[in-house]
Amino acid sequence: MPSALDTPQGAAELAESLLSPLGNRWLHTQAVAARAREVSAAVPADERDLLVAAAWLHDIGYAPGLRDTGFHPIDGARRLEALGAPDRLVRLVAHHSGAVYEAEQRGLLAELVVYEREDSPLLDALICADMTTGPAGQAFDFEQRIDEILVRYVPGSEVHTAISNARPYLRAAVERTQARLVDQPM
C-alpha cells in the first residue's frame, strides 16, 4: 500500500498532528516547508514533492510522544519507518541538517548509520530550507541561522559543538542549492 507521507499534504497533516502544540517548533516547521517550496527548483521536478514532505517532517522527532533516544532526527525517522513511510523519506529526516555531527556528540552514531545518508541536491535543499529558517519561522541567511543556534546553546554543549563542526558542511549544502537555483532557466 503506497504511503501518503511522501506527499506534501500527507506530510503536513502528520506534522500538524504532532507539532502544532509545540508553538515555535510548529512555526519553524511551517516556514521550513514554505522555504523548501521556494528552493524546490534546485532539485529534479520528480523530487520536489518529496523535498517539501521531508521539510514538513524533518522535526517530528521533537514531539513528546516520539522521544526515544532524545535525538529528534533518529526519533523522527523511527516513527516514519514504523508508519511505513518510504525509505528515502525516512533517510532524509534521519540525516537532515548534518545530523551525523550531533549524533557523534551524543554517542548515537550506531543508531543513525542504520539510515544511509545520500549526498544529493535533495538533501542539500532540505538543509538549505532548515538552515535559512529561524526557530520561530524567521527568514535568516545561513550565517544568521548558525549564529542564532550558537547563541541558544552554551559552548561545550552537544548542539553547540555539533553545529560548530558541521558549519562548513552545512554552508556548502546551502551554497550548492543557491547555485543550482541561479542555474535554473527563468
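Above this note sits the structure.
Residues numbered from 1 in each chain as written. Predicted model: local features only at pLDDT ≥ 70, side-chain atom pairs only at ≥ 80, totals over all residues. Heavy atoms only, no water.

Caption draft 1: Representation of the packing of aromatic side chains in the model. Scanning the model with the defined rule gives 2 aromatic pairs in all. Plain terms: the ring middles of Trp-26 and Trp-56 are 5.7 Å apart, the flat faces sit at 35° to each other, and that makes the pair tilted. Within this pair, whereas Trp-26 is found in helix α2 (residues 24–39), its partner Trp-56 is found in helix α3 (residues 48–57), the two being separated by 30 residues in sequence. Neither residue differs from the other here; Trp-26 and Trp-56 are each classed as buried. Ring centres 5.8 Å apart and planes at 40° place the aromatic pair Tyr-101 and Tyr-169 in the tilted group. You can see Tyr-101 sitting in helix α6 (residues 99–106) and its partner Tyr-169 sitting in helix α10 (residues 158–182), a full 68 residues away along the chain. Here Tyr-101 falls in the partly exposed class, since its relative accessible area comes to 23%. Residue Tyr-169 is classed as buried on the basis of its relative accessible area of 15%. Sitting over the face of the ring of Tyr-62, Arg-25 holds its NZ or CZ atom 3.8 Å from the ring centroid. (Phe/Tyr/Trp six-rings, centres within 6.5 Å; stacked < 30°, edge-to-face > 60°. Helix = DSSP H or I, 4+ residues; strand = E, 2+ residues; numbered from the N terminus. Buried < 20%, exposed > 50% of the residue type's maximum accessible area, 1.4 Å probe, protein only. Lys NZ or Arg CZ within 6 Å of the ring centre and 35° of its normal.)

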